[in-house]
Amino acid sequence: MNRSNRTAVLLLLALFCLPLRSGAETFGLFVSGLGGDENFEESFFETSRLLVEAAISAGVREEALAWLTEDPGRDARIDGRSTREQVIESLQSLSRRMEEGDLLWVVLIGHGSYRDQRSKINLPGPDLTDEQWTAALASVPPDRQLVFVNTASASGGFLETLSGDGRVIVTATKSAGQRNSTVFPTFFAAAFAERTADADQDGFVSVLEAFDYANQEVERHYEDQNLLRTEHALLDDNGDRTGTRDPTSLGGEDGTGDGLLAARLVLGASALSRIERTPENEALIARRADLQRQLDDLRRSKASLPEKDYFDQLQGLLVEIARLDRSLRSDGSAATGDSP
Amino acid sequence: MSLRMGARFDLLRGFVIAVLLGGGWLGPAGAQEPETAPATGEEAGADNAVSLTASLEGETERESFGDAERARYDELIAMAPRWDTLESLELSQIEVALGKYDELIERLEPRLPMDPILADARPSRLTQMLLRALARSQLAVGRRVDALETYRHLGSQYGDLLAQARAGVLLEQAGDRQEAVAFFEGLIDAYNAAPRLNVDGYHAVAIACRQLGREEPALFQDALKAFDQAIEASRGREFGYPARIDLANLFLDKYDSGQARASLEPVLDQDAPSAEALLALARIERFDGQPSVRAIADQILERNPRHVDTLVLLATLETEAENGAAAVEWVDRALDVNPNHLPALTLSAGLALQDGNLLLFGQRQARVEELSPGNAAFWVELSKLAMRNRLYPQALDFAQRAVAADPLSWEGWSEVGMNQLRLGQIEDGRASLEKSFAGDPYNVWNKNTLDLLDSLVQYRTIPTRRFELILHQDEADLLAPLVAEIAERAYDSLASRYGFEPATPIRIEVYPRHEDFSVRTVGLSGLGALGVSFGPVIAMDSPAARGIGDFNWGTTLWHEIAHTFTLGLTRGRIPRWLTEGLSVYEERQGPEGWTDEPSPDFLSAYADGRLHGLTTINEGFVRPSFPNQIGLSYYQASLIAEFIEKEWGFEHIVGLLHGYRDGYDTERVFREQFGLTLQEFDDRFWSYLESRFETALPSFRSVSVSVEEEGAEEEDPLSQSPDAIELPSPSAEGDLEVAAETRPDDYRTQLAWGLELKRQERWEKADEVLSRARDLFPEYAGPGSPYHLLAEVALAREDNDAAIAHLQGLIDINEYDYDAHLQLAELYKERGAIESEADTLTRTLYIYPYRRTVHERLADLAVAADRPLDRIQALERVLALDPPSRPRVLFEIARSHEQLGDLEQARRAVLGALELAPGFPQAQDLLLDLLERMGDDS
């Protein structure tokens with residue numbers, strides 16, 4: 001991505017209620033941990049590969065990625081072995097290159113465990129505990145966005161430790177006690193790789209969409225196999241240190257629940273970051289953000305409104321959004337045809 | 001939500017349920033409480049004083065039950081003992097045990113007048129025991145007033161607390177609740193005043209607490225405590241047994257058969273348990289659905305053929321089997337012994353009513369009212385009987401009379417509530433059950449049902465033209481259109497065939513948890529049925545309640561709606577076998593070519609002569625004597641319907657129903673419709689079966705014979721899935737080939753040989769042999785059928801055309817094999833046969849409608865076939881199954897509406913898409929385009 005095209009429109013961030021400013025860049029740290037046997041080694045590697053390739057195809061620069069695996073010789077694009085030291089060093093390196101408003105994705109794939117009251121991701125050599133991750137993530141300044149996804153078994157213990165403002169934390173299990181190996185990462189990666197998870201059809205897969213998709217597929221997997229489900233993923237993005245199994249894009253009834261932020265963060269370049277920064281477009285973007293906020297408010301009040309009133313107001317807002325998005329699409333700059 | 005908890009009585013135990021499909025539950029314990037009082041305290045030891053060799057198992061070599069007692073009786077009679085001797089006491093107790101009540105009364109009554117001044121002897125322990133035996137005998141022959149006097153006398157002159165308790169019970173039965181309560185409270189005062197009581201004293205207090213517990217349920221706990229004290233005071237000796245028997249009966253009355261059984265165990269461990277102990281065991285076995293009830297009853301009667309409670313129990317069993325004539329015989333025997341026996345009079349009244357004998361009914365009712373004014377149990381039993389006969393409005397009416405007679409009849413309120421629910425009066429039913437549960441918090445049926453009613457907030461009510469669908473919110477969107485479509489089609493079809501239209505709306509409740517359906521139907525989990533029709537209310541399993549392929553819910557729904565028609569047309573006066581037979585038969589008239597094919601088991605049962613003729617066909621439903629007999633009886637009954645329609649025309653089936661409606665019995669309606677006796681009809685029906693299964697039957701006959709010849713006792717292995725057949729050893733293989741060559745017309749030999757050839761991958765020969773097997777028994781496509789094997793052979797030979805033909809043949813007569821349907825659809829897809837693929841996939845929806853990809857494929861096929869309406873319906877089902885992108889599906893629905901020219905529906909759908917995905921570009925464009933075309937300038 002050409003960083004010179006960036007325009008600092010921090011004010012717009014507030015107007016949009018969007019966490020990611022236009023022109024912001026996405027960075028990624030993808031860690032495939034210790035497999036323990038060939039099957040898991042292969043599975044972890046494949047899952048991380050799918051995610052890396054999905055990130056690249058979504059517009060993340062290869063230079064903004066760090067891909068660490070148990071066996072770095074498997075692919076030329078791998079940046080190193082996923083040891084504790086290498087993970088921390090890669091994280092610090094990415095942090096140094098990030099600027100205000102940039103987004104960092106950290107995705108852990110592997111086995112997890114829980115011992116001495118600490119949750120861990122199992123790596124070649126010493127493991128990394130949730131506490132150590134907290135310390136390592138301190139290198140990421142607070143004005144950078146963070147999506148932290150731990151897809152390992154027993155990952156639930158990470159959520160409470162890492163939860164914080166402006167952070168989206170996803171864990172494959174609801175607690176450190178769910179210790180069986182997980183299928184969540186396979187479906188989470190597929191959500192980005194196959195793009196079938198794009199529920200709102202805007203051309204991007206958000207964290208929330210990937211979470212929902214993976215959750216649904218995990219449920220289907222256990223049903224099809226006639227097994228009792230041993231993993232229940234959680235998402236926290238309001239910093240309350242409590243995960244939600246069923247977050248919504250509206251952030252619950254009053255907008256303070258989980259899901260609001262996760263619905264707006266995507267892997268790769270967002271629609272907003274692709275729009276050419278002109279004064280006209282800035283105005284349109286601001287109006288679009290306002291309309292989105294009105295729409296969210298209207299949807300939250302659906303149950304209390306007469307049906308006709310609700311749909312009249314809904315249509316009014318949607319028509320204006322549609323016309324506005326058409327204008328942005330016809331601008332021809334990013335021309336993704338997608339809403340911010 | 002009220003909390004419904006039991007205390008010491010355990011509410012939920014493992015019950016085995018006897019159920020009438022299309023009928024209902026028999027109730028927790030059946031008939032009224034036994035009237036005969038158990039032997040009391042020290043009497044009990046003498047009751048078993050004579051050593052007997054009989055055992056419950058009933059070995060053939062044993063002495064007849066009661067032989068030793070009869071021998072001793074003869075000895076004592078020969079001795080002619082004075083009335084006031086120990087020998088006389090022993091004689092009196094043997095007389096009671098053998099049912100020689102009149103002899104005892106004749107011997108002792110003149111000597112034991114109630115006026116103490118006239119008594120030959122002053123009160124002594126001996127006379128007390130003799131008086132107790134006299135009271136029991138008086139009660140046993142129906143001299144209730146005299147028995148009451150004797151008990152009163154024992155209470156006042158002997159301080160006999162147990163006699164006082166018995167007197168209280170008799171007073172209560174006689175409608176004198178006030179005096180009875182005074183008796184019971186007096187016993188509780190005695191308990192509180194005395195530092196300790198003897199066994200009989202505690203036993204009496206326990207009875208008092210039990211009786212008072214009707215108004216104050218907490219007293220049942222006190223009754224338990226007193227029973228425990230009585231048993232403890234007996235220190236394990238036999239004179240504690242009567243308390244144990246009463247305790248067992250109390251546990252059973254509170255629906256806890258496990259505790260009842262445990263209480264009874266020491267009593268049953270003795271060589272010759274008393275009739276009362278055996279009767280308590282029989283009640284427990286009946287409660288648990290065990291088949292041994294009749295054997296136990298027979299054993300009681302062997303010793304005492306005049307044991308009235310046992311005679312009534314047998315009458316009840318016959319009633320449940322819809323053997324009215326046999327039931328009348330038993331109950332008449334009971335009334336011969338005791339013309340004032342309340343349960344016998346009640347059952348006799350019920351049977352008279354069932355038979356249309358209103359005169360006798362009136363006499364019985366008047367007698368019960370005279371003996372026991374305000375007797376709620378009379379109406380409760382009539383209610384249960386009506387319910388068993390599927391006469392739900394009448395059952396409700398009787399139950400309401402019960403609670404009108406006695407507002408404390410918690411069982412009455414339970415029956416009111418359950419029948420209200422069966423008739424769709426949900427809120428009234430809930431209120432009645434709440435009332436019942438408040439008075440009897442141990443009733444697990446009520447508790448479960450109330451819990452279920454609480455959960456109905458998760459269900460949605462969806463009205464259709466003639467139905468009211470009650471569907472769980474999680475599957476309502478998916479199932480409602482499918483259920484509505486089948487239900488309405490069934491109504492049209494059945495109304496046309498039967499010339500009758502049941503009142504609407506008919507309520508259809510569909511439960512995604514089988515346990516909930518089971519509770520809705522019988523109050524307990526564990527019901528094996530799939531659906532039930534109470535007439536205006538149908539309840540059934542949703543496809544989610546069972547494993548994939550366990551059943552076809554479409555046929556189940558059609559089956560239950562057919563019940564609603566036949567029950568309605570006959571006003572509930574249709575025998576169980578016929579309503580089931582017609583419902584199965586009607587399934588075959590369903591829209592998807594559903595069928596219920598004969599199984600090898602059925603033909604084996606016919607060949608072995610194990611099927612019942614018309615006179616006893618209900619036995620196969622209510623008292624099966626071999627595994628799966630109920631299922632085979634359903635099928636047999638459907639063949640009777642088929643036979644009638646083919647032989648005489650459908651109007652004769654309707655004629656039969658009219659006959660039943662008018663109150664005639666099977667013999668008469670069959671004679672009127674066909675001019676045949678039941679035996680003549682059976683003969684013609686058996687001939688019909690012979691010709692209908694002409695090609696297959698010889699196989700089953702020949703195997704039956706050969707198995708018999710070889711002395712094998714187990715079931716024929718070839719009647720089961722071929723996968724279960726262990727073949728071959730080299731010699732067996734050779735034998736099999738020879739057998740197949742020598743018996744080319746034997747289905748099972750050909751099937752086994754074909755299977756072996758398939759295992760050897762000798763495809764061509766396997767195809768030839770299996771084809772022969774199929775042609776010998778073409779109606780069977782169940783598990784392991786030749787159709788399955790032929791399809792596998794065809795696929796192995798990469799002959800898809802043949803595979804399609806075999807699989808199509810299979811699903812044409814097997815409506816529940818999900819995998820076969822999918823496999824066939826895939827083959828049609830490869831061939832590009834759009835219509836056939838769509839038809840096959842549509843059939844799967846009646847087996848398992850939850851696979852989203854099937855609906856997505858049907859939506860695509862609808863595009864290919866240019867059927868936008870079908871596409872909309874398929875997409876709406878996709879929407880109900882949480883697709884990854886609801887907006888995308890809504891958008892596709894909008895486009896289909898647009899294609900149909902329905903711009904308003906298209907607008908609504910696209911608004912739905914954009915509501916969730918406001919930045920969805922194609923949907924935005926469609927919305928703007930639609931609004932422009934609709935002239936909406938917003």
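The structure reproduced in this document is the subject of the present report. (Residues numbered from 1 in each chain as written. Chains lettered and ligands numbered in written order. Predicted model: local features only at pLDDT ≥ 70, side-chain atom pairs only at ≥ 80, totals over all residues. Heavy atoms only, no water.)

1. Overview of the overall build of chain B
So, step 1. Broken down by element type, chain B carries 46 helices and five strands.
So, step 2. Here chain B holds 938 residues, and 60% of them are scored as buried.
So, step 3. At a minimum sequence separation of 6, the contacts of chain B that also span at least 24 residues come to 63%.
So, step 4. Split by element, the accessible area of chain B, about 36000 Å² in all, is 49% carbon and sulfur. (Helix = DSSP H or I, 4+ residues; strand = E, 2+ residues; numbered from the N terminus. Buried < 20%, exposed > 50% of the residue type's maximum accessible area, 1.4 Å probe, protein only. Contact = heavy atoms within 4.5 Å. Areas by Shrake-Rupley, 256 points an atom, 1.4 Å probe, with all protein chains shown as cover.)

2. Focus: the nonpolar core
All names here are of chain B.
So, step 1. In this structure, Ile561, Trp577, Phe670 and Phe681 are the most contacted members of the largest nonpolar core, which totals 149 residues.
So, step 2. For this core, the element with the highest residue contribution is helix 24 (residues 476–498), accounting for 14 residues.
So, step 3. With residues up to four places along the chain from it excluded, the contact list for phenylalanine 681 reads Leu614, Ile640, Phe643, Ile644, Trp648, Phe670, Phe674 and Leu676. (Core = buried A, V, L, I, M, F, W, Y, C linked by side-chain atoms within 4.5 Å.)

3. A few points about the packing of helix 36 (residues 747–759) of chain B against helix 37 (residues 763–776) of chain B
All names here are of chain B.
So, step 1. One can describe the packing of helix 36 onto helix 37 by two numbers: an axis separation of 8 Å at closest approach and a directional angle of 155°. Viewed along their axes, helix 36 and helix 37 adopt a mutual orientation that is roughly antiparallel. Viewed along their axes, helix 36 and helix 37 form a crossing whose handedness is left-handed. Of the residues in helix 37, those touching helix 36 at Tyr747, Gln750, Leu751, Trp753, Gly754, Leu755, Leu757 and Lys758 are Trp763, Lys765, Ala766, Val769, Leu770, Arg772, Ala773 and Leu776. (Axes fitted to C-alpha atoms, helices over the stretch in contact; angles between N-to-C directions. Parallel < 35°, antiparallel > 145°, perpendicular 65-115°, else oblique. Left-handed = near helix turned anticlockwise from the far one by under 90°.)

4. Considering the side chain of B:Ser257
So, step 1. Structurally, B:Ser257 is set in helix 12 (residues 257–268).
So, step 2. Of note is the side chain of B:Ser257, whose polar atom sits 2.7 Å from the side chain of B:Asp288. (Polar contact = N/O pair within 3.5 Å; in protein donor to acceptor, adjacent residues only side chain to side chain.)

5. Details of a negative patch on the surface
So, step 1. Judged by side-chain charge, A:Asp37, A:Glu38, A:Glu41 and A:Asp71 come together as a negatively charged surface patch.
So, step 2. Within the secondary structure, A:Asp71 is located in the loop between strand 2 (65–69) and strand 3 (80–81). (Patch = residues over 30% accessible without salt bridge, like charges linked within 9 Å, V, L, I, M, F, W, Y side chains within 5 Å. Salt bridge = Lys/Arg side-chain N within 4 Å of Asp/Glu carboxyl O. Lys, Arg positive; Asp, Glu negative; His and termini not counted. Charge placed at Lys NZ, Arg CZ, Asp CG, Glu CD.)

6. Considerations on the sheet that holds strand 3 of chain A
All names here are of chain A.
So, step 1. Taken together, the seven strands give an open sheet; going across it, the order is 3-2-1-4-8-9-10, and neighbouring strands pair in mixed fashion. Strands at the two margins of the open sheet, each flanked by one partner only, are strand 3 and strand 10 (234–236).
So, step 2. In the sheet, strand 9 (residues 167–171) pairs with strand 10 via three bridges, with the strands oriented antiparallel. Counterpart to isoleucine 169 in the pairing with strand 10 is aspartate 236.
So, step 3. Of the strands in this sheet, strand 1 (26–32), strand 2 and strand 4 (103–109) touch helix 2 (residues 38–57), which is tilted by about 170° from strand 2.
So, step 4. Of the strands in this sheet, strand 1, strand 2, strand 3 and strand 4 touch helix 3 (residues 84–97), which is tilted by about 175° from strand 1. (Pairing = 2+ DSSP bridges.)

7. Here we look at the interface of chain A and chain B
So, step 1. Contact with chain A, which involves 29 residues of that partner, is made by 24 residues of chain B.
So, step 2. Among the residues of chain A in contact with chain B, A:Gln201, A:Gln315 and A:Leu318 are the three that bury the most area, contributing 27% of the side total.
So, step 3. Along the contact surface separating chain A from chain B lie two salt bridges.
So, step 4. For B:Glu915, the salt bridge identified is with A:Lys302, shortest N-O distance 3.0 Å.
So, step 5. Put simply, chain A and chain B have eleven residue pairs in polar contact (both at pLDDT 80 or more) between them.
So, step 6. At the level of secondary structure, the elements contributing two or more residues to the side of chain A that touches chain B comprise helix 7 (207–224), helix 9 (279–300) and helix 10 (307–330) of chain A. (Buried area = accessible area lost by both parts, 1.4 Å probe.)

8. Considerations on the environment of B:Asp817
Residue and element names in this part refer to chain B.
So, step 1. Inspection of the secondary structure puts aspartate 817 in the loop between helix 39 (800–813) and helix 40 (818–831).
So, step 2. Note on aspartate 817: relative accessible area 15%, which makes it buried.
So, step 3. Contacts of aspartate 817, omitting those with residues within four sequence positions, involve His788, Leu810 and Ile847.

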